[in-house]
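Chain by chain, the residues:
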Amino acid sequence: MTNTVFPALAFEPDAQAAWSCPSNIALVKYWGKKAGAVQWPANTSISWALGDLRAQTRLSYRKGIEPGSLEFFLDGKRKESFEPKIRDFFQRVYKDDSCSTALREAIDGGSFRIDSSNNFPHGTGIASSAAGFGALALCLADLQQQWDTQRPLQMDLASRWARLGSGSACRSLYEAPAIWGLHPDVAHSSDDYAVPHTGAVASSLQGWKDCVLIVDAGEKSVSSTQGHALLDSNAYAQVRFEQAQENLGQLLVAFEKGDVESFMEVVESEALQLHAMMMVSKPSFVLMRPGTLAIIEAIRAFRSETGAQVCFTLDAGANVHMLFSPVDENRIVNNLLPSLLSHCQDKQYLCTALDRGPEKLSS
Ligand code: PMV
């Protein structure tokens, strides 16, 4: 259990739980939902945990006081604008089959206070929802376990609930690569929750790092909800979903064989397919900025000149995730990275390990 400092409370809670949870970066992307349940993915995705980019969240519960009330504090300041989304999230958990009677009674009849903070700066364009919903789902699963010891706190339950908050959040619950969505090559894979990759990962694909190059620190120009919905009318959607399934299979083979070339090829293709889908949507969105392209070109040129094991991926925005092997860390950090910073807003970047999962905190 890690020690943390949350703000002191003016009341004695009846129950409390605190967790930290990383954000994650998809290697094969989730973009598009399928009908059937809340946030089921149209294709399987796989991610690495952004181990050092984390949310820490404490959930405090009081019975009988202002039943149904929920307050959210970010860095000690009340953020009422976040509360409707979190209330909806609690209602989705409430309606889920795996929610215990005790937790339902608490959601109905008690009040909750959430204290959360991210350890990465605001205004970097890095989505905090995966880390935030991951941590909050863990806190709820922890309370459920405190009240019903027959139900141990299992990561697949927390993952299932995190999905109800934000789809990609369900992949933040594991130290190992996380796979979400049914796939014939992945035993126990599910659309309901992510599972840790239990197959072999050769040493050449272990210990990789990510430097996130902040090309644009602003808010996303298209929300995920809008973005996923655009796939419903996108003529290329079905082909894209099939490609993602193939890419996932190929990536797992690359992990097993330690085939770095094939890994980098799949990862870059996935990033560009995500953006291609946005460009051919109606309405269409171009989310890359000139700096994004300049960085992509520089990474590819450095790789072809030096043979370094470095590649890029993108989220639904302009920032570039530069992924690299520990074998080449020195030359990438000392030679390549400094040359990319002129394309970053205020020269901002954040580097992280990719193999640290959730941690229980002392509240
Ligand atoms: O979890 P959402 O609904 O915000 O979707 C995020 C989707 C991408 O980040 C663009 C890709 C992914 O798989 O994480």
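Our subject in this report is the structure included herewith. (Residues numbered from 1 in each chain as written. Predicted model: local features only at pLDDT ≥ 70, side-chain atom pairs only at ≥ 80, totals over all residues. Heavy atoms only, no water.)

So, the sheet that holds strand β11 (residues 310-314)
Now for step 1: Ordered in space as β11-β12-β10-β13, the 4 strands form an open sheet in which the pairing is antiparallel. In the strand order of this sheet, the two ends are held by β11 and β13 (349-353), each with one partner. Averaged over neighbouring strand pairs, the angle between their axes works out to 25° when direction is ignored.
Now for step 2: Pairing geometry for strand β10 (residues 209-213) and strand β12 (residues 320-324), over 5 bridges, is antiparallel. Note that in β12 the partner of Lys209 across the bridge is Phe324. (Pairing = 2+ DSSP bridges. Helix = DSSP H or I, 4+ residues; strand = E, 2+ residues; numbered from the N terminus. Axes fitted to C-alpha atoms, helices over the stretch in contact; angles between N-to-C directions.)

Side note on the state of the cysteines
One way to say it: the disulfide is the covalent bond shared by the sulfur atoms of two cysteines.
Now for step 1: Evaluation of the coordinates by the stated rule reveals 1 disulfide.
Now for step 2: Across the disulfide from Cys211 sits Cys351; the S-S distance is 2.1 Å. Residues Cys211 and Cys351 share a disulfide whose torsion about the S-S bond is about 105°; that sign makes it right-handed. Here the residue Cys211 occupies a position in strand β10, and Cys351 occupies one in strand β13, the gap between them amounting to 140 residues. (Disulfide = S-S within 2.5 Å.)

Remarks on the nonpolar core
Now for step 1: Formed by 44 residues in total, the largest nonpolar core has its most connected members in Leu59, Phe89, Phe90 and Trp161.
Now for step 2: Counting residues per element, this core draws most heavily on helix α3 (residues 129-147), at 11 residues.
Now for step 3: When near neighbours in sequence (up to four residues on either side) are disregarded, Trp161 contacts Phe89, Val93, Asp96, Ser98, Cys99, Leu103, Ala137, Leu140, Ala141 and Gln144.
Now for step 4: Core analysis: the second largest hydrophobic core is formed by 32 residues, Ile25, Phe120, Ile126 and Val195 among them. (Core = buried A, V, L, I, M, F, W, Y, C linked by side-chain atoms within 4.5 Å. Buried < 20%, exposed > 50% of the residue type's maximum accessible area, 1.4 Å probe, protein only. Contact = heavy atoms within 4.5 Å.)

Some remarks on the packing of α3 against helix α4 (residues 155-165)
Now for step 1: For the pair α3 and α4, the least separation of the axes is 8 Å and the interaxial angle reads 130°. When the axes of α3 and α4 are compared, the pair comes out oblique. Between α3 and α4 the crossing geometry is right-handed. Across the interface between the two elements, Phe133, Gly134, Ala137, Leu138, Leu140, Ala141 and Gln144 of α3 pack against Met155, Leu157, Ala158, Trp161, Ala162 and Gly165 of α4.
Now for step 2: Counted by class, the contact of α3 with α4 contains 10 nonpolar, 3 polar and no charged residues. (Parallel < 35°, antiparallel > 145°, perpendicular 65-115°, else oblique. Left-handed = near helix turned anticlockwise from the far one by under 90°. Nonpolar A, V, L, I, M, F, W, Y, C, P; charged D, E, K, R; others polar.)

Quick look at a nonpolar patch on the surface
Now for step 1: Together, Tyr236, Met279, Val280 and Val286 make up a nonpolar patch on the protein surface, roughly 370 Å² of accessible area in all.
Now for step 2: Within the element layout of this structure, Tyr236 appears in the loop between α5 (224-230) and α6 (237-257). (Patch = residues over 30% accessible without salt bridge, like charges linked within 9 Å, V, L, I, M, F, W, Y side chains within 5 Å. Areas by Shrake-Rupley, 256 points an atom, 1.4 Å probe, with all protein chains shown as cover. Salt bridge = Lys/Arg side-chain N within 4 Å of Asp/Glu carboxyl O.)

Let's talk about the pairing of strand β1 (residues 15-28)
Now for step 1: Within β1, 13 of the 14 residues are buried, which leaves the element mostly enclosed by the surrounding structure.
Now for step 2: Judged from the 13 bridges that link them, β1 and strand β4 (residues 45-63) form a sheet pairing that is antiparallel. Note on β4: the bridge partner recorded for Trp19 is Thr57.

Remarks on a positive patch on the surface
Now for step 1: A cluster of basic side chains, namely Lys33, Lys85, Arg92, Lys95 and Lys220, defines a positive patch on the protein surface.
Now for step 2: Per element, the largest residue contribution to the positive patch is 3 residues, and it comes from helix α1 (residues 83-95). (Lys, Arg positive; Asp, Glu negative; His and termini not counted. Charge placed at Lys NZ, Arg CZ, Asp CG, Glu CD.)

Concerning the site of the ligand
Now for step 1: Surveying the vicinity of the ligand reveals the residues Ala26, Lys29, Tyr30, Trp31, Ser166, Gly167, Ser168, Arg171, Ser224, His228, Asp315 and Ala316.
Now for step 2: Here an oxygen atom of the ligand sits 2.6 Å away from a polar atom, N or O, in the side chain of Ser168.
Now for step 3: Here an oxygen atom of the ligand sits 2.9 Å away from a polar atom, N or O, in the side chain of Asp315.
Now for step 4: Grouping the amino acids of the shell around the ligand by side-chain chemistry returns 4 nonpolar, 5 polar and 3 charged. (Near = heavy atom within 4 Å. Polar contact = N/O pair within 3.5 Å; in protein donor to acceptor, adjacent residues only side chain to side chain.)

Describing α3
Now for step 1: In this model, α3 (19 residues) spans 27 Å end to end at C-alpha, consistent with the 27 Å of a helix rising 1.5 Å per residue.
Now for step 2: With 14 of 19 residues buried, α3 lies mostly within the body of the structure. (Expected span 1.5 Å × (residues − 1).)

What about the pairing of strand β7 (residues 110-118)?
Now for step 1: Judged by how many residues are buried, β7 sits mostly within the fold: 9 of 9 residues are covered.
Now for step 2: Of the two faces of β7, both are covered, the one formed by Gly110, Phe112, Ile114, Ser116 and Asn118 as well as the one formed by Ser111, Arg113, Asp115 and Ser117.
Now for step 3: Pairing geometry for β4 and β7, over 9 bridges, is antiparallel. Paired with Arg58 across the strands is Asp115, a residue of β7.
Now for step 4: Pairing between strand β5 (residues 70-74) and β7: 5 bridges, direction parallel.

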